[in-house]
Amino acid sequence: MFRQNYSSIVSAGCKMSSQLKPVENAIRDGLTDKLDPVHLELVNESYMHNVPKGAETHFKVLVVSAKFEGLPLIKRHRLVNEIVKEKLEGDFVHALSIEAKTPMQWNETYKMEPSPNCRGGFGK
C-alpha cells in the first residue's frame, strides 16, 4: 500500500507550481546542466519527516548519466553532492539519497524504492 501511495504522491508533487519548489528545482537544474542525464528522478521526501509542511530538506535522486562511465560509486556520489552543493549555495538540505547509474546499468523498468518511514514522525 505504501508503494502505491508513494507513486501517487510523487506524481501529485510533479504537478505543483515550480515556484513552490525552489530547492527541488535548483537540484534538478544543476544535475541536468552538469550531467546531461538520460534519466532523472528527484523525490522530495521531506513530508515523511518531522519538518514544517512544504519543507525541502530530504531528497532522493536517481540519475543515469554517461558521465558516470568509468567512475567508482563513491566518485559518482561525490560528483552529485558537489553539483547540489554548488547549486544550492546556503539552502539547507538535511538528507540526499543518491542512486547514480550509467546507461548500461539502468533499464526503464527499474523503480526507485521508497524510503522507510522516519522514526521521528511521519507527515507532521
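Criteria and thresholds
Residues numbered from 1 in each chain as written. Predicted model: local features only at pLDDT ≥ 70, side-chain atom pairs only at ≥ 80, totals over all residues. Heavy atoms only, no water. Helix = DSSP H or I, 4+ residues; strand = E, 2+ residues; numbered from the N terminus. Buried < 20%, exposed > 50% of the residue type's maximum accessible area, 1.4 Å probe, protein only. Contact = heavy atoms within 4.5 Å. Areas by Shrake-Rupley, 256 points an atom, 1.4 Å probe, with all protein chains shown as cover. Pairing = 2+ DSSP bridges. Axes fitted to C-alpha atoms, helices over the stretch in contact; angles between N-to-C directions. Expected span 1.5 Å × (residues − 1). Phe/Tyr/Trp six-rings, centres within 6.5 Å; stacked < 30°, edge-to-face > 60°. Lys NZ or Arg CZ within 6 Å of the ring centre and 35° of its normal. Lys, Arg positive; Asp, Glu negative; His and termini not counted. Salt bridge = Lys/Arg side-chain N within 4 Å of Asp/Glu carboxyl O. Polar contact = N/O pair within 3.5 Å; in protein donor to acceptor, adjacent residues only side chain to side chain. Parallel < 35°, antiparallel > 145°, perpendicular 65-115°, else oblique. Left-handed = near helix turned anticlockwise from the far one by under 90°. Nonpolar A, V, L, I, M, F, W, Y, C, P; charged D, E, K, R; others polar.

Engineer: Describe the overall build of the protein, and please don't skip the residues or the numbers.
Structural biologist: Assigned secondary structure in the protein consists of 3 helices and 3 strands. Reading the helices (α) and strands (β) of the protein from amino to carboxyl end gives α-α-β-β-α-β. Here the protein holds 124 residues, and 36% of them are scored as buried. When contacts within the protein are restricted to residue pairs at least 6 apart in sequence, those whose partners lie at least 24 apart make up 70%. Of the roughly 7,800 Å² of accessible surface on the protein, 53% is carried by carbon and sulfur atoms.

Engineer: Lay out the sheet that holds strand β1 (residues 39-44) with the relevant residues and their values.
Structural biologist: Read from one edge to the other, the open sheet built from 3 strands follows the order β1-β2-β3, with strand pairing classed as mixed. With one partner strand each, in any of the chains shown, β1 and β3 (95-101) form the two edges of the open sheet. Sheet twist, expressed as the mean angle between neighbouring strand axes with direction ignored, is 10 degrees. Direction of pairing for β1 relative to strand β2 (residues 58-64): antiparallel, over a ladder of 6 bridges. Each residue of the ladder has a partner; that of leucine 42, found in β2, is valine 61. Against the sheet, helix α2 (residues 22-35) makes contact with β1 and β2, and its axis sits at roughly 160 degrees relative to β1, the strand it touches most.

Engineer: Please set out α2 residue by residue, giving values where relevant.
Structural biologist: It helps to recall that an α-helix has 3.6 residues per turn; residues three or four apart then point in one direction. For α2, spanning 14 residues, the distance from its first C-alpha to its last is 20 Å, which sits close to the expected 20 Å at 1.5 Å a residue. Where α2 is concerned, the buried positions are Val23, Glu24, Asn25, Ala26, Ile27, Gly30, Leu31 and Leu35. Looking at the buried positions of α2, the neighbouring elements they touch are β1, β2 and α3 (73-88). Of the residues one or two after α2, aspartate 36 is the one with positive phi, at around 45 degrees.

Engineer: So, the packing of aromatic side chains: which residues are in play, and what are the values?
Structural biologist: What characterises a pair of aromatic rings is the spacing of the ring centres plus the angle enclosed by the ring planes. Per the counting criterion, the structure on display carries 0 aromatic pairs. Geometry around tyrosine 110 places lysine 101 over its ring, the cationic atom sitting 5.2 Å from the centre.

Engineer: Before we move on, can you summarise the side chain of lysine 60 with the specific residues and values?
Structural biologist: Mapped onto the secondary structure, lysine 60 falls in strand β2. One buried charged residue, lysine 60, forms no salt bridge at all, with the nearest opposite charge on glutamate 45 at 4.4 Å. Engagement of the side chain of lysine 60 in a polar contact is seen with the backbone oxygen of glutamate 113, the distance being 2.3 Å.

Engineer: Any chance you could break down unusual backbone geometry for me, citing the residues and the numbers?
Structural biologist: Its identity is not glycine, yet aspartate 36 carries a phi of approximately 45 degrees, on the positive side. Considering the arrangement of structural elements, one finds aspartate 36 in the loop between α2 and β1. Using a relative accessible area of 57% as the deciding quantity, one classes aspartate 36 as exposed.

Engineer: With reference to specific residues and values, describe the packing of α2 against α3.
Structural biologist: α3 packs onto α2 with a crossing angle of 125 degrees between their chain directions and a minimal axis gap of 9 Å. As judged from the angle between their axes, α2 and α3 are oblique. Pair α2 / α3 crosses with right-handed handedness. On α3, the residues touching Val23, Ala26, Ile27, Asp29, Gly30, Leu31, Asp33, Lys34 and Leu35 of α2 are Leu79, Val80, Ile83, Val84, Glu86, Lys87 and Leu88. Looking at the contact of α2 with α3, its residues break down into 10 nonpolar, 1 polar and 5 charged.

Functional significance is not addressed by these values, which are geometric in nature.
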